[in-house]
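Each chain, written out:
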Amino acid sequence: MGASVGLLLLSLLLLLPCIPGLPFYNGFYYSPGGRNLGSGHKEGLFNGVKLVVETPEETLFTHRGANVTLPCRYHYEPALASLRPVRIKWWKLSENGAPEQDVLVAIGQRHRSFGDYEGRAHLQQDREREASLELQDLRPEDSGRYRCEVIDGLEDESGVVELELRGVVFPYQPPQGRYQLNFHEAQRACEEQGAVVASFEQLFRAWEEGLDWCNAGWLQDGSVQYPITLPREPCGGLGLAPGVRSYGPRHHRLHRYDVFCFTAALKGQVYYLEHPEKLTLTEAREACREDSAHIATVGQLFAAWKFRGLDRCDAGWLADGSTRYPVAHPRPNCGPPEPGVRSFGFPDPQSRSYGVYCYRQS
């Protein structure tokens, strides 16, 4: 009887690895939970061996067009004598209503990048247990939080890296006037200006830096908000404290507002074209082409003002048909006493009252 029970127990033990839902034995026994150690460290627990993934806690700051490395390394505690095959996955986390985006998957020396990251995302493998991601030719929409995941058998641990492009938020309304854009049209309008729809975090930071604008605009998460630093009656009333005022989420197709765009620092040069006479909009475009450049977008002018200190008291045509001029150092006869980009709206395209701002790629 005892021998029969022993054989039965042995048979059951041999069947355990085949039963669905039970962990596969790959040389380690591990506890599925793991622990978060803080300071960018995350560990998974094996039988006396820990898988630890390390990423920086600090936000990485960079600029448009740059190349950047998102650091991620992993190791085992105690250290293992030999390397183990692992799978590495990077993806951009969902935020402000945008879906998650796969960036890169790698096994050994083979890797594949996805979508907008194809050809721009590469895995750095200069050192053992290196899982850092290199992103090239950064775009404004690359700002966000990225997760680095290391997978060893059934065990996986990860860390998060936050990337932020230096940029500037600017309010935008189309030639048709105030409150003419639904959410999808707002997205296109920003893209045409070399920008993306701003996030709440970007608008809030701009408000902290002094942005004051009384027209409500779309944000990346589909909400409509506006920043006020000087409370006044037409902008929510004197009784409300300064801050970012919110209308909350709005219907993406039916509701219409302005938009807050975000553009990152640019690689090229924006300049006022010295020309013997004033130009129509068509003549302005041609004049920039003859100077081996293109007529600048609104986003490029704002970026040049913010990051290059572009300062000019002459209004010039831009690609959207508006006329504006950037003032970094306010002075008499040059508009209001605060720095900013001044606008003359959308004049008659045939008017010969303005110069032109051109953009030349570096």
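Residues numbered from 1 in each chain as written. Predicted model: local features only at pLDDT ≥ 70, side-chain atom pairs only at ≥ 80, totals over all residues. Heavy atoms only, no water.

Looking up the protein in an unreviewed UniProt entry gives the name Hyaluronan and proteoglycan link protein 3, with the organism given as Octodon degus. Note on the protein: under the UniProt heading Subcellular location (unreviewed entry), the record states "Secreted, Extracellular space, Extracellular matrix". (UniProt positions renumbered as here; feature names shortened; annotations may be inferred.)

## Focus on a negative patch on the surface
Taken together, the side chains of Asp116, Glu141, Glu191 and Glu192 make up a negatively charged region of the molecular surface. Tracing the backbone through its elements, the reader meets glutamate 192 in helix 2 (residues 183–192). Judged by relative accessible area, which is 58%, glutamate 192 ranks as exposed. (Patch = residues over 30% accessible without salt bridge, like charges linked within 9 Å, V, L, I, M, F, W, Y side chains within 5 Å. Areas by Shrake-Rupley, 256 points an atom, 1.4 Å probe, with all protein chains shown as cover. Salt bridge = Lys/Arg side-chain N within 4 Å of Asp/Glu carboxyl O. Lys, Arg positive; Asp, Glu negative; His and termini not counted. Charge placed at Lys NZ, Arg CZ, Asp CG, Glu CD. Helix = DSSP H or I, 4+ residues; strand = E, 2+ residues; numbered from the N terminus. Buried < 20%, exposed > 50% of the residue type's maximum accessible area, 1.4 Å probe, protein only.)

## Considering the pairing of strand 7 (residues 87–92)
Here 6 bridges tie strand 7 to strand 8 (residues 101–107), and the two strands are oriented antiparallel to one another. Within the sheet, the bridge partner assigned to tryptophan 91 lies in strand 8 and is aspartate 102. (Pairing = 2+ DSSP bridges.)

## Observations regarding the state of the cysteines
Under the criterion given, the structure shown has 5 disulfides. Here cysteine 214 connects covalently by a disulfide to cysteine 235, the sulfurs 1.8 Å from one another. Torsion about the S-S bond of the cysteine 214 and cysteine 235 cystine: about -125°, corresponding to left-handed handedness. Taken as a pair, cysteine 214 in the loop between helix 3 (200–208) and strand 16 (217–218) and cysteine 235 in the loop between strand 17 (223–228) and strand 18 (243–249) lie far apart in primary sequence, 21 residues in all. Here cysteine 288 is linked by a disulfide to cysteine 358, with a sulfur-sulfur distance of 2.0 Å. Taking the sign of the S-S torsion, -85° for the link of cysteine 288 and cysteine 358, the bridge is left-handed. You can see cysteine 288 sitting in helix 4 (residues 281–290) and its partner cysteine 358 sitting in strand 25 (residues 355–360), a full 70 residues away along the chain. Judged by its relative accessible area of 0%, cysteine 358 is buried. Taken in sequence order, the bonded cysteines of the protein link in the pattern 1-2, 3-6, 4-5, 7-10, 8-9. (Disulfide = S-S within 2.5 Å.)

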